[in-house]
Amino acid sequence: MDKSYLLPHALKKVGWILFSFSTFIGVLLFFDWISLSFLDDFPVFAISSSWIFEDSVAFGLTKNDVSDEIVALLIIVGGLIVAFSAEKLEDEWIRNIRLKCISKAVVFNYLLLAFCILFFYGTSFYMVMIINMFSTLYFYIISFHINLRLANSKFEKELIQEDTQ
Amino acid sequence: MINNLKVERAIRKMTQEELAKQIGVSRQAINHIESGKFVPSTILALKLSVFFNKPVNEIFTLEPGD
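Quick caveat, the model's predicted, so the values are computed rather than measured.

Undergrad: Would you explain a negative patch on the surface in this entry?
TA: On the surface, Asp40, Asp41, Asp65, Asp68 and Glu69 of chain A cluster together into a patch of negative charge. Inspection of the secondary structure puts Asp68 of chain A in helix H2 (residues 67-84).

Undergrad: Would you take a moment to explain the nonpolar core for this structure?
TA: Grouped burial of nonpolar side chains is what soluble globular proteins tend to show. Counting residues in each nonpolar core, the largest one holds 36 residues, and the members touching the most others are Trp93 of chain A together with Leu5, Leu19 and Leu48 of chain B. Those elements giving two or more residues to this core turn out to be helix H1 (11-30), H2, helix H3 (92-119) and helix H4 (123-164) of chain A together with helix H2 (16-23), helix H3 (27-34) and helix H4 (42-52) of chain B. Beyond its immediate sequence surroundings of up to four residues, Leu5 of chain B is in contact with Leu19, Ile30, Ile33, Glu34, Leu48, Phe52 and Ile59 of chain B.

Undergrad: It is not clear to me how the side chain of Ser49 of chain B should be interpreted in this structure. Could you clarify?
TA: Residue and element names in this part refer to chain B. The topology assignment puts Ser49 in helix H4. Engagement of the side chain of Ser49 in a polar contact is seen with the backbone oxygen of Lys54, the distance being 2.6 Å. Discounting chain neighbours no more than four positions away, the residues touching Ser49 are Lys54, Pro55, Val56 and Ile59.

Undergrad: Just checking my understanding: could you explain H3 of chain A for this structure?
TA: An α-helical turn contains 3.6 residues, so any two residues separated by three or four positions project in the same direction. All names here are of chain A. Between its first and last C-alpha, H3 extends 41 Å over 28 residues, near the 40 Å set by a 1.5 Å rise per residue. Taken as a whole, H3 has its buried residues at Glu92, Trp93, Ile94, Ile97, Arg98, Cys101, Ala105, Asn109, Leu113 and Cys116. Where H3 begins, the capping side chain belongs to Asp91, and its oxygen is found 3.2 Å from the backbone nitrogen of Trp93.

Undergrad: Even after reading the chapter, I still don't get the pattern of salt bridges, so can you show me in this structure?
TA: Opposite charge on two side chains permits pairing when their charged atoms draw close. Under the criterion given, the structure shown has six salt bridges over all chains. Residue Lys12 of chain A pairs with Glu87 of chain A through a salt bridge whose shortest N-O separation is 3.0 Å. You can see Lys12 of chain A sitting in helix H1 and its partner Glu87 of chain A sitting in the loop between H2 and H3, a full 75 residues away along the chain. The pair formed by Lys12 of chain A and Glu87 of chain A is uniform in burial state, with each residue classed as buried. Put simply, Arg27 of chain B and Glu17 of chain B hold a salt bridge, and the shortest N to O gap is 3.2 Å. One end of the pair, Arg27 of chain B, is in helix H3; the other, Glu17 of chain B, is in helix H2, with ten residues separating them in the sequence.

Rules and cut-offs
All residue numbers refer to position in the chain's written sequence, counted from 1. Throughout, the order in which chains and ligands are written sets their labels, letters from A for the former and numbers from 1 for the latter. Local features are withheld for residues below a pLDDT of 70 in this predicted model, meaning they are given only at 70 or higher, and side-chain atom pairs are given and counted only at 80 or more; totals for whole chains, interfaces and linings count all residues. Side-chain measures here rest on the full set of heavy atoms in the structure, leaving out hydrogens and waters. The patch calculation keeps residues exceeding 30% relative accessible area without a salt bridge and links them within 9 Å when they carry like charges or within 5 Å when they are nonpolar (Val, Leu, Ile, Met, Phe, Trp, Tyr). Only the protein chains shown count as covering a residue, and every accessible area follows the Shrake-Rupley method with a 1.4 Å probe. Salt-bridge detection follows one rule: a side-chain nitrogen of Lys or Arg within 4 Å of a carboxyl oxygen of Asp or Glu. We count Lys and Arg on the positive side and Asp and Glu on the negative side, and we leave His and both chain ends out. Each charge is placed at NZ for Lys, CZ for Arg, CG for Asp and CD for Glu. Numbered from the N terminus, helices here are DSSP runs of H or I no shorter than four residues, and strands are runs of E no shorter than two. In plain words, nonpolar cores are sets of buried Ala, Val, Leu, Ile, Met, Phe, Trp, Tyr and Cys residues tied together by side-chain atoms within 4.5 Å. Using a 1.4 Å probe on the protein chains alone, a residue whose accessible area is under 20% of its type maximum counts as buried, one over 50% counts as exposed, and one in between counts as partly exposed. It only takes one pair of heavy atoms within 4.5 Å for two residues to be counted as in contact. Pairs of N or O atoms are called polar contacts if they sit within 3.5 Å, as long as, within protein, a hydrogen donor faces a hydrogen acceptor (for residues adjacent in sequence, only side-chain-to-side-chain pairs). Given a helix with a known number of residues, its expected span is that number minus one, times 1.5 Å.

Below, the structure written as structure tokens:
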């Protein structure tokens with residue numbers, strides 16, 4: 001992966017704050033543990049909007065509860081910043097780890113989705129699709145940072161062992 | 001692929017961190033190259049070759065399975 005595609009390292013902290021906060025609010029909204037009623041009936045422009053028992057709208061104004069849209073966008077923006085901001089020292093070893101983690105995240109996500117397609121139906125599958133919008137990003141972020149941590153802690157242990165020999 | 005990076009580094013009495021700083025990579029990268037867990041790119045291999053003033057194939061050697 002070419003380093004020029006990565007965001008500056010300084011943005012990583014901002015990304016983590018945004019990603020963590022929006023994930024927290026997103027989970028609360030997902031399970032209906034909170035309701036942001038002040039965002040109900042917000043006027044929005046829709047390329048396409050269709051609900052059961054309501055008239056469809058195409059390229060026009062409609063009203064919608066935008067709390068989930070805002071949280072979803074914040075998760076995406078925060079997640080992308082975390083995922084694609086450079087490490088302090090971004091070298092080809094870390095780029096190698098990035099590539100492996102992205103590949104594994106995509107494959108794992110689709111295997112999990114295939115499993116869900118087989119065993120989840122109706123409204124439950126709708127919930128799966130909501131999670132699936134973000135799951136690849138989460139899998140990659142978790143996988144990449146765990147791999148980095150493990151590699152670093154293993155390395156530190158080897159250094160200590162070398163020093164004590 | 002096998003390498004004698006550790007030997008070359010020891011001849012010059014350098015730590016992994018010192019070598020990493022000279023080359024411009026992380027010390028973990030040097031560690032993983034030495035332990036055979038990571039194959040460096042052509043550019044990195046050439047940088048090491050220039051640094052140690054040795055041809056690349058005196059530092060890195062192909063194994064039968066490669």
